[in-house]
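# Examining the three-dimensional arrangement
Each chain, letter by letter, is given below.
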Amino acid sequence: AREVYVTSSVGIAMYPQDGDSVDLLLMNSDAAMYRAKENGRNAFEFFTKEINARAHERLELGNELRGALARGEFSMHYQPKVAIADGAVIGFEALLRWNNARLGSVPPAVFVPILEEIGLIVEVGEWVLRAACRWAADVRVAAGQVPGIAVNLSARQFRHPHLDRIVQSALLASGLPASRLELEITESSLLDLEANLQTMDRLKRMGVGLSIDDFGTGYSSLSYLKRF
């Protein structure tokens, strides 16, 4: 026998103030349920005008993001990584930015979770990886040295079954040595221990560097950290 613990996230919409039809009440209670999940799950939320406005905003952002890559709205910024000891630049981190013709500049904290939600993070993430590798390789040609470039991977990207092939393709297309690429992964990406060890092993054999981003803000298992 095995004990199973079940939690629930509940969204509540009231008739008639939140809707005068079954369809509208269901839609609004669904929006409230997602707000309950965002706030930590195993909770309940009543529908409010704020939730409705936020749901419309997320829908609008999602619609705009679906064509952003084709319209060339994404750009890359490269932030220097500096050694504390002497102030020397020891590498760069690739940062994705989105500037939409109608919405203007949208912060990554707003649009990246929506990329995850609508399933575009792998496609956009591959574009980021290729752009970052190409930039680092071009700097090598111009400056005569190869800067290390760090690229963030989302949990969904890290779980992609062909991640190693995507990385290898980006390296080959750019001519960047694998040793100059560092992939930053989050703690939440590592929870499926055995599957993730296999992925990390394949990347390590390629010569790609790995680092854990924001350690201490999530699962924070020191035994996992030691194993990885």
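Quick look at the structure, then. (Residues numbered from 1 in each chain as written. Predicted model: local features only at pLDDT ≥ 70, side-chain atom pairs only at ≥ 80, totals over all residues. Heavy atoms only, no water.)

### Overview of the overall build of the protein
- Within the protein, the secondary structure is distributed over eight helices and eight strands.
- On the principal axes, the C-alpha backbone points of the protein span a range of 70 × 55 × 35 Å.
- Per-residue burial over the protein gives 36% buried out of 228 residues.
- Pairs at least 24 apart in sequence give 65% of the contacts found in the protein among residues at least 6 apart.
- Of the accessible surface of the protein, which amounts to about 13700 Å², a share of 54% is contributed by carbon and sulfur atoms.
- Of note, the protein has its 24 positive side-chain charges centred 6 Å away from the centre of its 28 negative side-chain charges. (Helix = DSSP H or I, 4+ residues; strand = E, 2+ residues; numbered from the N terminus. Buried < 20%, exposed > 50% of the residue type's maximum accessible area, 1.4 Å probe, protein only. Contact = heavy atoms within 4.5 Å. Areas by Shrake-Rupley, 256 points an atom, 1.4 Å probe, with all protein chains shown as cover. Lys, Arg positive; Asp, Glu negative; His and termini not counted. Charge placed at Lys NZ, Arg CZ, Asp CG, Glu CD.)

### Focus on the environment of Ala-173
- Structurally, Ala-173 is set in helix H6 (residues 163–174).
- For Ala-173, a relative accessible area of 61% corresponds to the exposed category.

### Observations regarding the packing of aromatic side chains
- Throughout the structure, instances matching the rule amount to seven aromatic pairs.
- Ring centres 6.4 Å apart and planes at 45° place the aromatic pair Phe-74 and Trp-98 in the tilted group. Taken as a pair, Phe-74 in strand E3 (residues 74–82) and Trp-98 in strand E4 (residues 89–100) lie far apart in primary sequence, 24 residues in all. The residues Phe-74 and Trp-98 share a single accessibility class, namely buried.
- Where Phe-74 meets Trp-127, the ring centres are 6.3 Å apart and the plane angle is 45°; that geometry is what we call tilted. In this pair, Phe-74 sits in strand E3 while Trp-127 sits in helix H4 (residues 121–143), placing the two residues 53 residues apart along the sequence.
- Judged by its relative accessible area of 28%, Trp-127 falls in the partly exposed class.
- Taken together through their ring pairs, the aromatic side chains of Phe-74, Trp-98, Phe-111 and Trp-127 make up a single cluster. (Phe/Tyr/Trp six-rings, centres within 6.5 Å; stacked < 30°, edge-to-face > 60°.)

### Thoughts on unusual backbone geometry
- Cis geometry is found at the peptide bond from Tyr-15 to Pro-16, where omega equals 5°.
- Even without glycine at this site, Asn-42 takes up a positive phi of about 50°.
- With respect to the element layout, Asn-42 can be found in the loop between helix H1 (22–38) and strand E2 (44–46).

### What to know about the packing of helix H2 (residues 49–65) against helix H3 (residues 108–117)
- Between H2 and H3, whose axes approach to 10 Å, the crossing angle comes to 75°. Classified by the angle their axes make, H2 and H3 are roughly perpendicular. Within the contact between the two elements, H2 uses Arg-58, Leu-61, Gly-62 and Leu-65 and H3 uses Val-110, Phe-111, Ile-114, Leu-115 and Glu-117.
- Of the residues contributing to the contact of H2 with H3, the split by class is six nonpolar, one polar and two charged. (Axes fitted to C-alpha atoms, helices over the stretch in contact; angles between N-to-C directions. Parallel < 35°, antiparallel > 145°, perpendicular 65-115°, else oblique. Nonpolar A, V, L, I, M, F, W, Y, C, P; charged D, E, K, R; others polar.)

### Topic: the pairing of E3
- Sheet analysis places E3 next to E4, joined by nine bridges and oriented antiparallel. When the sheet's bridge partners are listed, Pro-80 is paired in E4 with Phe-92. (Pairing = 2+ DSSP bridges.)

### Some details on the nonpolar core
- Residues Leu-129, Ile-149, Val-167, Leu-181 and Leu-183 are the most contacted members of the largest nonpolar core, which totals 42 residues.
- For this core, the leading source of residues is H4, giving nine residues.
- The residues touching Leu-181, leaving out its near neighbours within four places in the chain, are Leu-129, Cys-133, Ile-149, Val-151, Val-167, Leu-171, Leu-176, Val-208 and Gly-209.
- Grouped together as the second largest cluster of nonpolar side chains are six residues, Ala-13, Leu-25, Ala-31 and Ile-51 included. (Core = buried A, V, L, I, M, F, W, Y, C linked by side-chain atoms within 4.5 Å.)

### Points about a nonpolar patch on the surface
- Taken together, Val-10, Met-14, Phe-44 and Phe-46 make up a surface patch of nonpolar side chains, about 380 Å² in accessible area.
- You can see Phe-44 is positioned in strand E2.
- On the basis of relative accessibility, which here comes to 55%, the residue Phe-44 falls in the exposed class. (Patch = residues over 30% accessible without salt bridge, like charges linked within 9 Å, V, L, I, M, F, W, Y side chains within 5 Å. Salt bridge = Lys/Arg side-chain N within 4 Å of Asp/Glu carboxyl O.)

### Focus on the side chain of Arg-35
- Relative to the elements of secondary structure, Arg-35 occurs in helix H1.
- The class of Arg-35 is buried, set by a relative accessible area of 16%.
- One polar contact links Arg-35 to Glu-50, side chain to side chain, over a distance of 3.5 Å.
- In contact with Arg-35, other than residues within four places in its own chain, are Glu-45, Glu-50, Ile-51 and Arg-54. (Polar contact = N/O pair within 3.5 Å; in protein donor to acceptor, adjacent residues only side chain to side chain.)

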